[in-house]
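Listed below are the residues making up each chain.
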Amino acid sequence: MVLVDFFSSPIGLGHVTRDIAIENNFQNITTNFVTGSGAAKILKKLDIQVEDVYKPPSFIVENGTLKNPAKWLWNYYKYYKDCKSISEKILQKDNPKLVISDEDFAALSIAQEMKIPTILITDILETHFTKGLASLIEKKMNKSMQEIIKKCEIVILPEIGDSKDNIQRVGPIVRKTNHTREQLREKFSFDKKTIVISIGGTDAGLFLIEKTLEAITKINFDIEVVLVSGPSVNKNYENIRNLGFVDNLHEIIYAADVLISLAGKSTIDEANAYGTPAIFIPIKGHFEQEDNAREQGFTFEDIKRLDKLILEKLEEKRKQINTEGARKAAKIIQSLIDNY
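Since the structure is predicted, the reported quantities are computational estimates derived from the model, not experimental observations.

### Focus on the environment of Tyr340
Line of reasoning, step 1. Relative to the assigned elements, Tyr340 resides in the segment after helix H12 (325–338).
Line of reasoning, step 2. On the basis of relative accessibility, which here comes to 49%, the residue Tyr340 falls in the partly exposed class.
Line of reasoning, step 3. Those residues in contact with Tyr340 that lie beyond four places of it in its chain are Lys97, Pro117 and Glu153.

### Quick look at the environment of Thr194
Line of reasoning, step 1. Take Thr194: it is sitting in strand E10 (residues 193–198).
Line of reasoning, step 2. Overall, Thr194 belongs to the buried group, its relative accessible area being 0%.
Line of reasoning, step 3. Taking the C-alpha atoms as reference, Thr194 lies 7.1 Å from Val226; in sequence the two are 32 residues apart.
Line of reasoning, step 4. Excluding residues within four positions of it along the chain, Thr194 makes contact with Arg185, Glu224, Val226, Ala256, Asp257 and Val258.
Line of reasoning, step 5. Engagement of the side chain of Thr194 in a polar contact is seen with the backbone oxygen of Lys192, the distance being 2.8 Å.

### Describing the sheet that holds strand E3 (residues 50–54)
Sheets are built from strands that pair by backbone hydrogen bonding, the pairs being arranged parallel or antiparallel.
Line of reasoning, step 1. With parallel pairing, 7 strands are arranged side by side in an open sheet as E3-E2-E1-E6-E7-E8-E9. Of all the strands in the sheet, the pair left with one neighbour each is E3 and strand E9 (167–169). Sheet twist, expressed as the mean angle between neighbouring strand axes with direction ignored, is 20°.
Line of reasoning, step 2. Looking at chain direction, strand E1 (residues 2–8) and strand E6 (residues 98–102) are connected through 5 bridges and run parallel. Paired with Phe7 across the strands is Ser101, a residue of E6.

### Quick word on the pattern of salt bridges
Line of reasoning, step 1. Across all of its chains, the model carries 20 salt bridges by this definition.
Line of reasoning, step 2. Between Asp52 and Lys44 there is a salt bridge whose closest N-O contact spans 3.1 Å.
Line of reasoning, step 3. Residue class for Lys44 comes out partly exposed when judged on its relative accessible area of 45%.
Line of reasoning, step 4. One network of salt bridges, with partners in common, ties together Arg18, Asp102, Glu103 and Asp123.

### Some details on the packing of helix H3 (residues 69–94) against helix H4 (residues 105–113)
Line of reasoning, step 1. Direction vectors running N to C along H3 and H4 enclose 45°, while the axes themselves pass 8 Å from each other. In this view, H3 runs oblique relative to H4, as classed from their interaxial angle. The crossing of H3 and H4 is right-handed. Every residue of H4 that contacts H3 at Tyr80, Cys83, Lys84, Ser87, Glu88 and Leu91 is listed here: Phe105, Ala106, Ala107, Ser109, Ile110, Ala111 and Glu113.
Line of reasoning, step 2. Its residues assigned to classes, the contact of H3 with H4 comprises 8 nonpolar, 2 polar and 3 charged.

### Considering the pairing of strand E13 (residues 258–261)
Line of reasoning, step 1. Neither face of E13 is left uncovered, since the one carrying Val258 and Ile260 and the one carrying Leu259 and Ser261 both have all their residues buried.
Line of reasoning, step 2. Two strands pair when backbone bridges link them, and E10 and E13 are joined in this way by 4 bridges, in the parallel orientation. Looking at the pairing, Ser198 lines up with Ser261 of E13.
Line of reasoning, step 3. Judged from the 3 bridges that link them, E13 and strand E14 (residues 278–280) form a sheet pairing that is parallel.

Rules behind the numbers
Residues numbered from 1 in each chain as written. Predicted model: local features only at pLDDT ≥ 70, side-chain atom pairs only at ≥ 80, totals over all residues. Heavy atoms only, no water. Helix = DSSP H or I, 4+ residues; strand = E, 2+ residues; numbered from the N terminus. Buried < 20%, exposed > 50% of the residue type's maximum accessible area, 1.4 Å probe, protein only. Contact = heavy atoms within 4.5 Å. Polar contact = N/O pair within 3.5 Å; in protein donor to acceptor, adjacent residues only side chain to side chain. Pairing = 2+ DSSP bridges. Axes fitted to C-alpha atoms, helices over the stretch in contact; angles between N-to-C directions. Salt bridge = Lys/Arg side-chain N within 4 Å of Asp/Glu carboxyl O. Parallel < 35°, antiparallel > 145°, perpendicular 65-115°, else oblique. Left-handed = near helix turned anticlockwise from the far one by under 90°. Nonpolar A, V, L, I, M, F, W, Y, C, P; charged D, E, K, R; others polar.

Right under this line is the structure:
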């Protein structure tokens, strides 16, 4: 068996869920995950080997708007330095044949210094969080990120498009289920038209829960509302089922009639793959989420017309898409291992 260290960013849950999809396709590979927060909790629930060592900075979100991104960037820089120290100790201990990183650039930097082959999984090639003076610091960080990307043996992007140089586009990377939609609806007791609200791994999506529940009171429709509140929200809500923190959101999305979510890349990919009509509201000022939402036809301002959008989505037909991104990514990784 070949040992691979898999460093998965714990900022959100989308990184680790797509990494699990890839890991499920490995053969004769022993995988040691390194991450933290909710991502580590998911891996532990699935009995996957993980070192829970990262403590990422939280976004400050008020009423759906990202506040003080410059402060977050500074906290991220300190977190990055901590991650370099942590990853160095792990790599010296494990001496893996390959390092895979899902947007954990600290581990990539150390691995490249140690001459360990590296693979990056990412859906962004540069960041745009700040403006003004702080953007100068961000530009410097982006330059360092680009240098790390160039040194990677392979960069896997979960999007459709052409491959060029060391960049391989494999399409959406999505977890598979062995159940039919009918089986899942029975498993989750989804007896009525079901709207699922999902806010990811932090409390940044609290605003979306509040606004969605407010919109649903305006709708004259016999529906059930199911909340997936994640690992960071403990608030109680009346007249809705709160599933809390789950490790199978993809199955819940498949079983749902409509999904309402923040605009994380992996959640969008899972909804599209399983054909579930969805509404994606980005955190205002979060460039990545705003870009993701725009590609799906949404903006932050759509939060003001959620009631109309919900009714439209309840009537929308499902369009399931076959995705092979996880299998393709695993095959690329296996091939690189075989060549070393």
